[in-house]
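Structure at a glance
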Amino acid sequence: MWLRSSLGGLSRGTAVRIVAVLVLCAVAVVRHPTWPPDTLWLVALLVAGFGSRMFLRYLAPFLVLFLLYFVLSGLADDINPTVHYMPMANFDMWLAGGDELPTRWLQQHMWDGELRWYDFYFYLLYTAHFVMPLVVALVVWKRRPQLYWVFVGAVMGLSFAAFVTYVAFPAAPPWMSSDYGYIPRIHRVSHDIWQAVGIADPDTLYSRLSPNLVAAVPSLHASYPLVILIFLAAVFGWRRVWWVAFYPVSLWIGIVYMGEHYVFDILAGVVYTVVASALAFRIAALLRGRRERARRQVVLAEAAEVVDAPLEASPEAPPGVAADPAERAPAGQEAVPTEGAVGGR
């Protein structure tokens, strides 16, 4: 009641949703998060929008599909226990032209044992994994509604194709391969960030946060920013959004530098993104063409019915009998009665 009176005319349902989101966030802060930050944001937005007809129509399916993917990805490592450690590392070393991983090269030049501003910058982008696609979905929905379901199709097609790959090819991230001694020692920067915000045991926490620790190929952290850039360019034009390219490029550098992904994972994510986006646009074009053909057929059928319809006779005169002569007289002339006239005057 206080919230409704303070904000002036706020509906009861909206006030309840605001309180629910605040309580959810407060519990997460006080008791430490047991969900990843991106999943917490998704649940908060779902609670905030619950009850809105437009939200339920457009955004709730988007969120439910994301949560479904989150659940399924947690099952992938149970289906196939064979984890691959070296193929991605070997590719990265070959790509770098030597025996040193790009991750180690970046850490030698960027990590000196203390957190820098760019460490928080990279990790902030990293934790916005699910939030950014949802924000962009709202933008696409408002600016180009005809592209909204194309965007959702691209993101979800990409996500579930990645899930199938996680089942077929479980792949360890660099930090795990380093911990098990498969590759030279690398520093996991995210642990320092967790400790900087008060998490004393990042290993235990991260084991609860991540639904699948060996879901590295393809990297969805690399894929989502690229699909976002593709659709923002489709909505606004490349000349207006070219600067958004800093987002995927920054995240690609960050996940390699922090030891979360190999370059191989990023390239695989780029391929998956291009294919999923192209298929989404192609399927949308086919469906649009089918609807357009169906609409033309309906219009042609209605036109044919009009042409073939019989003409209705005048109620004043039976068929074959002329109407009143006065009605047939040319404009400006008086009708001349012909009754009884043989040849006229």
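Up top is the structure these notes are about.
Below is a short write-up of the structure. It should be emphasised that the depicted structure is a prediction, and the values quoted were computed from it without experimental measurement.

Attention now moves to the overall build of the chain. A tally of helices and strands in the chain yields 17 helices and zero strands. Relative to its 345 residues, the chain shows a buried fraction of 40%. Once local pairs closer than 6 in sequence are excluded, the contacts in the chain between residues at least 24 apart make up 78%. For the chain, the exposed area adds up to about 20300 Å²; of that, 65% sits on carbon and sulfur atoms.

Here the focus is a nonpolar patch on the surface. Residues Val 271, Val 275, Leu 279, Ile 283 and Leu 287 make up a contiguous nonpolar surface patch of about 440 Å² in total accessible area. With respect to the secondary-structure elements, Leu 287 resides in helix 16 (residues 263-308).

In contact at an axis separation of 10 Å, helix 7 (residues 117-127) and helix 11 (residues 189-196) are set at 95° when each is read in the N-to-C sense. As summarised for this structure, helix 7 and helix 11 are arranged roughly perpendicular, according to the angle between their axes. In this structure, helix 7 uses Asp 119, Phe 120 and Tyr 123 to contact helix 11, whose residues at the interface are Val 189, Ser 190, Ile 193, Trp 194 and Ala 196. Its residues assigned to classes, the contact of helix 7 with helix 11 comprises six nonpolar, one polar and one charged.

Here the focus is the layout of surface pockets. Rolled over the atoms, a probe with the dimensions of a water molecule shows which regions are left empty. For the second largest pocket, the calculated volume is near 210 Å³. Leu 124, Leu 125, Ala 128, Met 132, Ile 228, Leu 232, Val 241, Trp 243, Val 244, Phe 246 and Tyr 247 together form the lining of the second largest pocket. Those elements that place two or more of their residues in the lining of the second largest pocket are helix 7, helix 13 (220-236) and helix 15 (246-257). Residues of the lining of the second largest pocket, tallied by class, amount to eleven nonpolar, no polar and no charged.

What follows concerns the packing of aromatic side chains. Counting across every chain of the model gives 16 aromatic pairs. Each ring, one from Tyr 85 and one from Tyr 180, has its centre 6.0 Å from the other, and the planes form 65°; the classification is edge-to-face. Of this pair, Tyr 85 sits in the loop between helix 4 (53-79) and helix 5 (87-95) while Tyr 180 sits in the loop between helix 10 (174-179) and helix 11, and the two are 95 residues apart along the sequence. Classification of Tyr 85 as buried rests on a relative accessible area of 16%. On the accessibility criterion, Tyr 180 (54% relative accessible area) is exposed. Taking 6.3 Å as the distance between ring centres and 50° as the angle between the ring planes, the aromatic pair formed by Trp 141 and Tyr 148 counts as tilted. Within the aromatic cluster, the residues linked to one another by ring pairs are Trp 117, Tyr 118, Tyr 121, Phe 122 and Tyr 257. The lysine or arginine in question, Lys 142, covers the ring of Trp 141, its NZ or CZ lying 4.7 Å from the ring centre. One Lys or Arg, Arg 188, reaches over the ring of Trp 175 and ends 3.7 Å from the middle of that ring.

This part takes up helix 11. Counting buried residues along helix 11, six of its eight residues qualify, which places the element largely inside the surrounding structure. The complete set of buried residues in helix 11 reads Val 189, Ser 190, His 191, Asp 192, Ile 193 and Trp 194.

Along helix 6 (residues 102-110), the residues that are buried comprise Pro 102, Thr 103, Leu 106, Gln 107 and Met 110. Buried positions in helix 6, seen along its axis, are confined to an arc of 130° and lie on one side of it.

In this fold, Ser 190 is placed in helix 11. Side chain to side chain, Ser 190 and Glu 260 meet in a polar contact 3.3 Å long.

Glancing now at the packing of helix 13 against helix 15. Between helix 13 and helix 15, whose axes approach to 9 Å, the crossing angle comes to 170°. Comparing their axes, helix 15 and helix 13 come out roughly antiparallel. Of the residues in helix 15, those touching helix 13 at His 221, Ala 222, Pro 225, Leu 226, Ile 228 and Leu 229 are Tyr 247, Pro 248, Leu 251, Trp 252 and Ile 255. Per-class residue counts for the contact of helix 13 with helix 15 are ten nonpolar, one polar and no charged.

Going through the model one piece at a time under the given rule, you end up with five salt bridges. Among the salt bridges present, the one from Arg 296 reaches Glu 292, with a minimum N-O distance of 3.9 Å. You can see Arg 296 and its partner Glu 292 sitting in helix 16, four residues apart, about one turn around the helix. The class of Arg 296 is partly exposed, set by a relative accessible area of 43%.

It is worth spelling out the nonpolar core at this point. Ranked by internal contacts, the top residues of the largest apolar core, which has 52 residues, are Tyr 148, Tyr 257 and Met 258. No other element matches helix 9 (residues 148-168), which puts ten residues into this core. Leave out the neighbours within four places in its chain, and Met 258 touches Gln 107, Phe 122, Tyr 123, Tyr 126, His 187, Arg 188 and Val 189. Ranked by size, the runner-up nonpolar core spans ten residues in total, among them Ala 89, Ala 171, Ala 216 and Val 217.

Conventions adopted
- Residues numbered from 1 in each chain as written.
- Predicted model: local features only at pLDDT ≥ 70, side-chain atom pairs only at ≥ 80, totals over all residues.
- Heavy atoms only, no water.
- Helix = DSSP H or I, 4+ residues; strand = E, 2+ residues; numbered from the N terminus.
- Buried < 20%, exposed > 50% of the residue type's maximum accessible area, 1.4 Å probe, protein only.
- Contact = heavy atoms within 4.5 Å.
- Areas by Shrake-Rupley, 256 points an atom, 1.4 Å probe, with all protein chains shown as cover.
- Patch = residues over 30% accessible without salt bridge, like charges linked within 9 Å, V, L, I, M, F, W, Y side chains within 5 Å.
- Salt bridge = Lys/Arg side-chain N within 4 Å of Asp/Glu carboxyl O.
- Axes fitted to C-alpha atoms, helices over the stretch in contact; angles between N-to-C directions.
- Parallel < 35°, antiparallel > 145°, perpendicular 65-115°, else oblique.
- Nonpolar A, V, L, I, M, F, W, Y, C, P; charged D, E, K, R; others polar.
- 1 Å grid on protein atoms, 1.4 Å probe; cavity = no way out; pocket = protein on both sides within 12 Å on 5 of 7 lines; lining within 4 Å.
- Points joined across faces, edges and corners; volume = space filled by probe spheres on them.
- Phe/Tyr/Trp six-rings, centres within 6.5 Å; stacked < 30°, edge-to-face > 60°.
- Lys NZ or Arg CZ within 6 Å of the ring centre and 35° of its normal.
- Arc of directions from axis to C-beta.
- Polar contact = N/O pair within 3.5 Å; in protein donor to acceptor, adjacent residues only side chain to side chain.
- Core = buried A, V, L, I, M, F, W, Y, C linked by side-chain atoms within 4.5 Å.

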